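Chain residues, written in single-letter form:
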Amino acid sequence: MHALDEDLLRRLTPAVLRVLVRRGADFAAAEDAVQDALIEAIRDWPDAPPRDAKGWLITVAWRKFLDGARSETARRHREDRIDAEPSPGPIAERDDTLWLFFLCAHPSLTPSSAVALTLRAVGGLTTRQIAEAYLVPEATMVQRISRAKRTVAGVRLDEPGSLGTVARTLYLIFNEGYSGEVDLVAEAIRLARLLAGAVDDPEVSGLLALMLLHHARRASRTAADGRLVPLAEQDRSLWDTSLIAEGVAILQAALVRDRLGEFQAQAAIAALHADARSTAETDWVQILQWYDELAALTENPVVLLNRAVAVGEADGPRAGLAALFELDDSLPRYAAVAAHLHEADGDRATAAQLYAEAARKASSLAERDHLTRQAARLNSEASPGRASPSGANGSG
Amino acid sequence: MAKYLLLKHYRGAPASVNDVPMDQWTEDEISAHMQHMDAFATRLESTGEFVDSQALSPEGTWVRYDGEGRPPVTDGPFAETKDLIAGWMIIDVDTYERALELAGELSGGPGAGGKPVGEWLELRPLFVPPTTMTEVGEIVGQEQR
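Residues numbered from 1 in each chain as written. Chains lettered and ligands numbered in written order. Predicted model: local features only at pLDDT ≥ 70, side-chain atom pairs only at ≥ 80, totals over all residues. Heavy atoms only, no water.

S.K.: Explain the overall build of chain B residue by residue, including any values.
M.R.: Of regular secondary structure, chain B possesses 3 helices and 6 strands. Considering only contacts within chain B whose residues lie at least 6 apart along the sequence, 70% involve residues at least 24 apart. When the accessible surface of chain B is split by element, carbon and sulfur atoms take 57% of a total near 8,200 Å². (Helix = DSSP H or I, 4+ residues; strand = E, 2+ residues; numbered from the N terminus. Contact = heavy atoms within 4.5 Å. Areas by Shrake-Rupley, 256 points an atom, 1.4 Å probe, with all protein chains shown as cover.)

S.K.: Tell me about the side chain of Glu-119 of chain B, and name the residues and values.
M.R.: Residues and elements named next belong to chain B. As for its placement among the helices and strands, Glu-119 is situated in the loop between helix 2 (96-107) and strand 6 (122-125). What makes Glu-119 buried here is its relative accessible area of 13%. Apart from residues lying up to four places away in sequence, Glu-119 is in contact with Lys-8, Ser-16, Leu-106 and Ser-107. (Buried < 20%, exposed > 50% of the residue type's maximum accessible area, 1.4 Å probe, protein only.)

S.K.: Outline helix 8 (residues 138-152) of chain A, supporting the account with residue identities and numerical values.
M.R.: Taking 1.5 Å per residue, 15 residues should reach 21 Å; helix 8 of chain A reaches 21 Å between its end C-alpha atoms and fits that length. Considered for burial, the residues of helix 8 of chain A that qualify are Thr-140, Met-141, Arg-144, Ile-145, Ala-148, Lys-149 and Val-152 of chain A. (Expected span 1.5 Å × (residues − 1).)

S.K.: Lay out the side chain of Thr-13 of chain A in plain terms, naming residues and giving numbers.
M.R.: Residues and elements named next belong to chain A. Turning to its location among the elements, Thr-13 is positioned in helix 1 (residues 2-22). A polar atom in the side chain of Thr-13 sits 3.0 Å from the backbone oxygen of Leu-9. Setting aside residues up to four positions removed in sequence, Thr-13 forms contacts with Val-34, Leu-38, Arg-120, Ala-121, Val-122 and Gly-124. (Polar contact = N/O pair within 3.5 Å; in protein donor to acceptor, adjacent residues only side chain to side chain.)

S.K.: Explain the sheet that holds strand 6 of chain B to me, and be specific about the residues and the numbers.
M.R.: Residue and element names in this part refer to chain B. In spatial order, the strands read 2-5-1-6; together these 4 strands make up an open sheet with antiparallel pairing. What marks the edges here is a single partner per strand, and that holds for strand 2 (50-55) and strand 6. Geometrically, the sheet is characterised by an average inter-axis angle of 20° between neighbouring strands, direction not taken into account. The pairing of strand 2 with strand 5 (residues 84-93) spans 5 bridges and is classified as antiparallel. In the sheet register, Asp-52 faces strand 5, and the bridge partner there is Ile-90. Against the sheet, helix 1 (residues 27-46) touches strand 1 (2-11), strand 2 and strand 5, its axis set at about 30° to strand 5. Along the sheet, helix 2 contacts strand 1, strand 5 and strand 6; its crossing angle with strand 5, the most-contacted strand, is approximately 140°. (Pairing = 2+ DSSP bridges. Axes fitted to C-alpha atoms, helices over the stretch in contact; angles between N-to-C directions.)

S.K.: Explain the packing of helix 15 (residues 284-297) of chain A against helix 16 (residues 301-315) of chain A to me, and be specific about the residues and the numbers.
M.R.: All names here are of chain A. Orientation of helix 15 relative to helix 16, taken along the N-to-C sense of each, is 155°, at an axis distance of 9 Å. Taken as axis vectors, helix 15 and helix 16 run roughly antiparallel relative to one another. Considering how the two elements wind past one another, helix 15 and helix 16 form a crossing that is left-handed. Contact with helix 15, carried on its side by Trp-284, Val-285, Ile-287, Leu-288, Tyr-291, Asp-292, Leu-294 and Ala-295, involves Val-303, Leu-304, Asn-306, Arg-307, Ala-310, Val-311, Glu-313, Ala-314 and Asp-315 of helix 16 and no other residues of that element. (Parallel < 35°, antiparallel > 145°, perpendicular 65-115°, else oblique. Left-handed = near helix turned anticlockwise from the far one by under 90°.)

Below, the structure written as structure tokens:
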């Protein structure tokens, strides 16, 4: 029951916040008041659930806001402003949500501030939950959020905000994985659904589809002991077929609109992988075509690195290596891709060296361990006396 | 949004620009340096970039396993060690450039004669938490951000 209540609370957060702002509260004070109301709700609702949850939250948050007004002067000034405000008419809730998304991902904010503010004001997470998820002290996150609120305090948002910034902010949240009690992947998907419901834009649909298609394979990507499982070795029966079907349907509806963007192209690649019953049945030729589309849409050199892997699968490892050699070898994960292609080409000694080099440059523990195992597997094959043949990695 | 460790050394780092041992500074110079360090940490907390900070005693002991059922071997204080860490600070910043900027600022704290110490700090990225992967990342077994 408790979890259900929190879910409802978080869904209602954007609308309640917008009502307070429309009544004349400034954003920072309104946001604080809504947080206080949420905390009160979490405490009181299990014993005394309200009939009208949203009405209850608006009433309590508004009272909190008024309590927060310190001096009579400040209050009078605010009340003057409230009198001048038009009464809140029947404005659609989707507009509230969109307004809040734009404000929380305003271009004047740094990416980490935009992420924190979005999770709190749109997502309804508490500061403690956000701090836990990002592994920083709560005091630091308090400051990060209050700075962000000060930064956007004067923003009028008369003109539409940048949907691209909002989408990138959600993608950052999605990529952060999860730690602490909040699953940021699930939260990012929830927020992307909210955004897709508030705005009619093929790239937002592409982003949602991309998230669903990635998320569908989550259970197969790591073993019980935390090890990474490469795509070719993943147990495809663990893939969530209903999420894949939903992602594909959303993507197809977006592609028909003929306004291609990066997220749609990435989702198309993810869909082709999700659609294959085995690695061997993967349509690499079409995947390569999508990488060419993606490369035309973005300057990001990492796309070309991924493309080299696709070339390796579609046209053979030699062609993949040729594509790779055209790129800057200082790119992150260049060595890992080179190792993979050299191994596919049969040059196991070079591959082992490159896997070891890639492991030294890895940015996460899981990745480093995986690459070290790859190097160890090839090295122990080369000198079977050294390591046990039933060695750590069974992928050989 | 990446975390970095700033390592400060008692010994083992290349010589500072203003290379005067702290016991030869004036008391005011020491106070000014300490204030700089405190103000730096406080300011990072207010920008939402502070994660952790600890100072370490120069005293310590080398310890190793000495076989089943035996007490660990100790080799006394590591007075002869080349590299002696004085403390650390962990920051959480948006870019590598910002991490460099902050490390430079910390290194430039006031020292003897009121001039910046210009000590060498080690700047090391922390491993990131598990992340979502893309397909090609999954093929070569790497996580991608």
